[in-house]
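# Topology and contacts: notes
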Amino acid sequence: MNTIDTMAVKSIRFLAADAINKAKSGHPGLPIGSAPMAYTLWKQMKHNPANPSWQGRDRFILSAGHASMLEYALLHLFGYGVTIEDIKNFRQWGSPTPGHPEYRHTAGVEATSGPLGQGVAMAVGMAMAEARMSAHFNREGYPVVDNYTYALCGDGCLQEGVASEAASFAGTQKLGKLILFYDRNYITIEGRIETTFAEDVNGRFAAYGWHVQELPCGEDMDAIAKAIEAAKAEKDKPSMIIVNTQIAYGTPKQGKASAHGEPLGEEATAAMREFYQWDYAPFDVPAEVYAYFDELKKGYAAEEAEYNKMFDGYKSAYPELYAEWQQWHDDALPEALLKDERLTAADKPAATRATGGNALNVIAEYMPNLFGGSADLAPSNKSELKGRAYFSHEDRDGANVHFGIREFAMAAICNGIMLYGGLRAYCATFMVFSDYLKPAMRMAALMKLPVIYILTHDSIGVGEDGPTHQPIEHLASIRAIPGAALFRPADMKETAGCYIAALMGDKPAAMALTRQNLPQYAETSVEGAMKGGYVMKDCEKPDVILIATGSEVELAMKAADALAEKGKAAKVVSMPCMELFEEQSEEYRESVLPSAVRARVAVEAGSSMCWYKYVGLDGETVCIDHFGASAPAGVLFKEFGFTVENVVAVAERAMK
């Protein structure tokens, strides 16, 4: 093995150990043990440190995000702009080297990772995106989309269900340009894994339809390089390369659980230096190592230059495709979409799942890069793109996706699709099952990925399916995610406004949509919905303000009429999205909810938790803070107090 390669690997190992010691926290074991495989991969990977966003690059996700110092050491040595000072400030305030890798925070980091297993699923999404984009845009002699997606995971990642869901899906889809490195060191925080994870991983992934290779020694870089080439030669199966390593190899903590999540300490690091015959001070990297990486960077830059030359030829040879390429990579919405009357042309009552399906299909005509599907519920979610093929091994340019009953993996895969670029991802299921996908929604919020989640059957309106399928706390739990937006429209116009606002935003958007039909209102507004909240029924001097969302807007409007018959003036506010409403000016919010009117009632068929900010100490709620029951929807709404009479009674109580 080339001496410079061994010196490069040692540099990675000691940068990780020294940074974690200095920070007095971190996870040294995996970075030390997996340094040879990571270095071997990055050395041959198609990337250009001088341009981290180069479209033609391979993608790499560190699914085992606790091993972040492995990635930061690689980014430093390969020249991504992570300085030695950044390495010294690992896990410190304001540093570009946080405890787990963060997308948009550190150049070269392709995805935020750390919650184990999600990186595997995001890699599946990236590989799907590559497959669809290449099928759509590539032409003979012009492989404008042609890259591999790599992920590195550990024992913990593969114990999480989301990785299994995603691996099953990837095998079914035959994603041959997905390569997963499995650092198998048999150690997690609690110790050796024989009592928790003794399964035949090789056999399991082979059964999923993966190409599996196993290497007995993580130090053999020649074998690792050959395994990568063998994985690339397999075109119709995703590949797993199992690399048997020793956690914290070459240290007194080798093979011990204590090496997983705590610094080695000065004494053990000194012994490590003796083992590796490393006579350099902490954070010192040999000059010849830096010089070697400088030479490597020239090759990477030349590879991008060749790609750019090819792409220039593509522009000339296929100007229409290039124009479409630009459209797919442009976040701006087409002007014609905003004016399309089909988004608002409702003439009869309809469920918002149906108006949402209409909006989705109108949008797809203007945005052919829309890419998504449902967790086996498309007929109920109304989430199918009509007339479009389904993505499969036989048709890589399909816009619809059969995700199967895999909500968590579905949502994490959508994150990967969005991270890849050029596509707009959405996914769908019942609102009550948003619990299964919420960890991925949280990650989307962290990364500011505007994934759209279509969550139908949004309340006790589900009816006879009973409390297991009736969302109660789910609206509140999604609203609690920082940087996410929950939309609950009342009719077709509001649904259109919510979709447009979601597409224009930089945050994940959950669409809470009804199963039951709702009326269409003359008073609703696309523009109002896009502001999150607006006055739907006004009066000069309101005695009470009724605030409602979705299906309960009808109750609020009827209650306002009933109160008028009693000589009380009620102002009705529709609040389809609290998060957008909070982004409006103070002046606008005051015009909608004047602080002088303290008698307020919030009406929503969900938890009351979110509403006290708007109703205050003097206000009231007509909500539901208990589980539902199995009965027809109309019966449930009546039994649980969602009636005009009860809203009027609660409003009168608030006015006292």
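Going by the structure above, here's the rest.
This report concerns the structure included in the present document. Counting starts from 1 at the beginning of each chain's written sequence and moves along it residue by residue. Owing to the predicted nature of the model, reporting of local features is limited to residues with pLDDT of at least 70; listing and counting of side-chain atom pairs is limited to 80 or more, with chain, interface and lining totals taken over all residues. In computing side-chain properties, one takes all heavy atoms of the structure into account and sets aside hydrogens as well as water.

## Section: the packing of aromatic side chains
Between rings of Phe, Tyr and Trp, where Trp is taken as its six-membered ring, a pair exists when centres lie within 6.5 Å; planes separated by under 30 degrees are stacked, by over 60 edge-to-face, and by other angles tilted. Under the defined criterion, the tally for this structure stands at 35 aromatic pairs. Taking the centre distance of 4.8 Å and the plane angle of 75 degrees together, the rings of Phe78 and Phe293 count as edge-to-face. Taken together, the positions of Phe78 in helix H3 (residues 68–78) and Phe293 in helix H11 (residues 287–317) put the pair 215 residues apart, joining distant regions of the chain. Ring geometry for Phe137 against Trp325: centres 5.2 Å apart, planes inclined by 80 degrees, an arrangement best described as edge-to-face. Secondary structure is summarised from DSSP: a helix means a run of H or I of at least four residues, a strand means a run of E of at least two, and numbering begins at the N terminus for each.

## With respect to the sheet that holds strand S2 (residues 149–154)
Hydrogen bonds along the backbone pair up the strands of a sheet, which may run parallel or antiparallel. Here, a strand pair is defined by DSSP locating no fewer than two bridges between the strands. Overall, parallel pairing links the five strands, which are arranged S1-S2-S3-S7-S6 in an open sheet. Across the chains shown, the open sheet's two edge strands, defined by having one partner strand only, are strand S1 (59–62) and strand S6 (211–215). The average undirected angle you get between the axes of adjacent strands in this sheet is 15 degrees. Here S1 runs beside S2; their pairing, made up of four bridges, is parallel. The residue of S2 that forms the bridge with Arg59 is Thr149. Each axis is a line fitted through C-alpha atoms, taken for helices only over the stretch in contact, and angles between the N-to-C directions span 0 to 180 degrees.

## Here we look at the state of the cysteines
Only a pair of cysteine sulfur atoms within 2.5 Å qualifies as a disulfide here. Throughout the structure, instances matching the rule amount to zero disulfides. With no disulfide of its own, Cys153 has Cys157 as its nearest cysteine by sulfur position, at a separation of 5.2 Å. Classification of Cys153 as buried rests on a relative accessible area of 0%. The cut-offs for exposure are 20% and 50% of the maximum accessible area for each residue type, with area from a 1.4 Å probe on protein chains only; residues under the lower value are buried, those over the upper are exposed, and the others partly exposed.

## Quick look at helix H16 (residues 407–420)
The span one expects for a helix is its residue count, reduced by one, times 1.5 Å. Across its 14 residues, H16 extends 20 Å between first and last C-alpha, which sits within 8% of the 20 Å expected from 1.5 Å per residue. Just beyond H16, the residue with positive phi is Gly421, at close to 100 degrees.

## A closer look at the layout of surface pockets
In this approach a probe as big as a water molecule rolls over the atoms, and the regions it shows empty are the leftover space. Definitions used throughout: a 1 Å grid over protein atoms alone; a cavity as a set of points that fits a 1.4 Å probe which cannot get out; a pocket as an open set with protein on both sides within 12 Å along at least five of seven lines; a lining residue as one with an atom within 4 Å of a point. Grid points are joined across faces, edges and corners, and a volume is the space filled by probe spheres set on the points. Within this model, the largest pocket holds a volume of roughly 840 Å³. Looking at the largest pocket, it is lined by 44 residues, and the ones nearest its centre are Tyr103, Met418, Leu419, Tyr420 and Gly421. When residues of the lining of the largest pocket are traced back to their parent elements, those giving at least two are S1, helix H12 (319–328), H16 and helix H19 (492–504). Considering every element that reaches the lining of the largest pocket, the biggest residue donor is H16, with three residues. Under the scheme applied here, ten amino acids are nonpolar (Ala, Val, Leu, Ile, Met, Phe, Trp, Tyr, Cys and Pro), four are charged (Asp, Glu, Lys and Arg), and all others, including Gly, are polar. Considering only residue class, the lining of the largest pocket consists of 22 nonpolar, 12 polar and 10 charged.

## As for empty space enclosed by the protein
Taken as a whole and judged by the stated rule, the model has one cavity of 30 Å³ or more. In this structure, the largest cavity is lined by Gln55, Gly56, Met133, Val144, Val145, Asp146, Asn147, Trp325, His329 and Tyr420. For the lining of the largest cavity, a count of residues per class yields five nonpolar, four polar and one charged.

## So, the pattern of salt bridges
When the charged atoms of two side chains lie near each other, side chains of opposite charge can form a pair. Each salt bridge in this description consists of a side-chain nitrogen of Lys or Arg and a carboxyl oxygen of Asp or Glu lying within 4 Å of one another. Taken as a whole, this structure holds 29 salt bridges when the rule is applied. Of the charged contacts in the structure, one is a salt bridge between Asp5 and Lys43, with a shortest N-O distance of 3.1 Å. Note that Asp5 is positioned in helix H1 (residues 3–23) and Lys43 in helix H2 (residues 29–44), a separation of 38 residues in sequence. On the basis of relative accessibility, which here comes to 6%, the residue Asp5 falls in the buried class. Note that Asp294 is salt-bridged to Lys297, the shortest N-O span being 3.1 Å. A residue pair is termed a helical-turn pair when its members lie 3 or 4 positions apart in one helix, as Asp294 and Lys297 do in helix H11 at three residues.

## Quick look at the pairing of strand S3 (residues 178–184)
S3 sits mainly inside the fold: seven of its seven residues count as buried. Residues Leu178, Leu180, Tyr182 and Arg184 line one face of S3 and the alternating positions Ile179, Phe181 and Asp183 line the opposite face, and both faces are buried. Judged from the six bridges that link them, S2 and S3 form a sheet pairing that is parallel. Bridging from a neighbouring strand, Ala151 pairs with Leu180 of S3. Note: S3 against strand S7 (residues 239–244), six bridges, orientation parallel. Each bridged residue has a counterpart across the sheet, and for Leu180 the counterpart in S7 is Met240.

## So, unusual backbone geometry
For Lys24, which is not glycine, the phi torsion reads 65 degrees and is therefore positive. Tracing the sequence through the fold places Lys24 in the loop between H1 and H2. On the basis of relative accessibility, which here comes to 67%, the residue Lys24 falls in the exposed class. A positive phi angle, near 65 degrees, is found at Tyr186, a position not held by glycine. Relative to the helices and strands, Tyr186 is located in the loop between S3 and strand S4 (187–188).

Read these as spatial facts, not as claims about activity.
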